[in-house]
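Remarks on the overall topology
Residues per chain, in single letters:
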Amino acid sequence: MELKLYKPYLVKFQSLIALLILCLLISILSDKFLTMSNGWNVMRQISVNITISVGMTLIVLTAGIDLSVGSVLALCGAITAGLLKNGIPLPSADLFVGFTLLGAIVIGLLLGFSLGGFNGWVITKFKVPPFVATLAMLTIARGLTFLYTEGFPISGMGEKFAYLGTGWLFGIPVPVWISAIVVAIAWVITNKTRLGRYIYAIGGNESASRLSGINVNKVKIVVYSIAGGLAATGGILVTSRLDSAQPNAGVSYELDSIAAVVIGGTSLAGGKGSVLGTVLGAIIIGVLNNGLVLLNVSPFWQQVVKGAVILLAVIIDKSNSKND
């Protein structure tokens, strides 16, 4: 009887409870875990996943999926780095049109928004399943990245650009500030705006949303555009932190972002979930990765453990959906 009484609270705070238990276990097994330097290191690393996962949350809330975020991240990071490093070669002369830091970043972000918007357009215009459309973009964007970089990393963009990924502001890493701003804006969108209400409505019942006058196609294109822009933001942060745009950057990032969304309690069926839940999910993934590294667990076993955690989260999600 008492268990039934507390069950709603256990379900509501299951991600937070899981995070606390995970932190307790790792701190017992490793004395390096609960240190300030390791804490900031974890937060700096997961800031990219949080940024990408916020966009993924919006998409999953509409009952969609985006498998292309890792490749979009790589392409936008490479384009930004290339513009900073070389500019645009003029066909009529051996000169380069130089780009300022802000200009290169803006172009990288606009490219991300455009690629995401293209995903949304294909999905809505041609009724292509999101899985198929974004899988195609995954391959296209990765191929374009290799074509642009010719398979070689682009490095040496300068200290000002490196500050975005490695700098500190008021004692907190800059990437953490950027991800916090992204989360705050997304929270306002999902909780305080008409767009947010439409996103939840479409995920809950797309047919009813159309009949009620919601422009479903427009909302989906906007959501996929936002996700693409946030993937580009993640790409810029990764490139800045490494001071190098790697052509294979972002591999498996789409899996980490989907994992964060699901672990954070957002239903894959759409219409249920929250941005703050996704933040908790991303922190859980980050803490888990960090703990496994501190415990010297083989990278191969790390993949196994991460997959098992994702599977468990999906099973719990399905179980909660049946009980609703």
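A brief look at the structure comes next. (Residues numbered from 1 in each chain as written. Predicted model: local features only at pLDDT ≥ 70, side-chain atom pairs only at ≥ 80, totals over all residues. Heavy atoms only, no water.)

**What about unusual backbone geometry?**
Operational definition: Secondary structure is summarised from DSSP: a helix means a run of H or I of at least four residues, a strand means a run of E of at least two, and numbering begins at the N terminus for each. Only protein chains enter the calculation, and the probe is 1.4 Å; a residue is then buried if its accessible area is under 20% of its type maximum, exposed if over 50%, and partly exposed in between.
The phi angle at lysine 127 is positive, at roughly 55°, despite the residue not being glycine. Take lysine 127: it is sitting in the loop between α5 (101–125) and α6 (130–149). Using a relative accessible area of 55% as the deciding quantity, one classes lysine 127 as exposed. Of note in the backbone geometry, serine 252 takes a positive phi value of approximately 75° without being a glycine. Position of serine 252 among the secondary structure elements: in the loop between β6 (244–245) and α12 (253–263).

**Some details on the pattern of salt bridges**
Counted only if it meets this: What makes a salt bridge here is a side-chain nitrogen of Lys or Arg within 4 Å of a carboxyl oxygen of Asp or Glu, nothing more.
Enumeration over the complete set of coordinates arrives at 3 salt bridges. Across the pair arginine 210 and glutamate 206 runs a salt bridge whose closest N-O atoms are separated by 3.0 Å. Of this pair, arginine 210 and glutamate 206 both sit in helix α10 (residues 206–211), 4 residues apart, roughly one helical turn. Residue class for arginine 210 comes out partly exposed when judged on its relative accessible area of 37%. Its relative accessible area of 27% is what places glutamate 206 among the partly exposed residues. Here lysine 220 ties to glutamate 206 by a salt bridge, and the two come within 3.0 Å at their closest N and O atoms.

**Things to note about a nonpolar patch on the surface**
To be explicit about the condition: For patch detection, residues must exceed 30% relative accessible area and be free of salt bridges, and they are connected within 9 Å for like charges or within 5 Å for nonpolar side chains (Val, Leu, Ile, Met, Phe, Trp, Tyr). Exposure was quantified through the Shrake-Rupley algorithm and a 1.4 Å probe, taking into account, for residues, occlusion by the shown protein chains and nothing else.
On the surface, Phe13, Leu16, Ile17, Leu20, Ile21 and Leu25 cluster together into a nonpolar patch covering about 530 Å² of accessible area. In this structure, leucine 20 sits in helix α2 (residues 14–29). Residue classification places leucine 20 among the exposed positions, given a relative accessible area of 55%.

**Some details on the side chain of threonine 124**
We count it as follows: Think of a polar contact as two N or O atoms within 3.5 Å of one another; within protein, one of them needs to be a possible hydrogen donor and the other a possible acceptor, and neighboring residues in sequence only count if both atoms come from side chains. Two residues qualify as a contact provided that any one of their heavy atoms is within 4.5 Å of a heavy atom in the partner residue.
With respect to the helices, strands and loops of the structure, threonine 124 is situated in helix α5. Polar contacts involving the side chain of threonine 124 include one to the main-chain carbonyl oxygen of glycine 120, which spans 2.8 Å. When neighbours within four sequence positions are excluded, threonine 124 is seen to be in contact with Asn217, Lys220 and Ile221.

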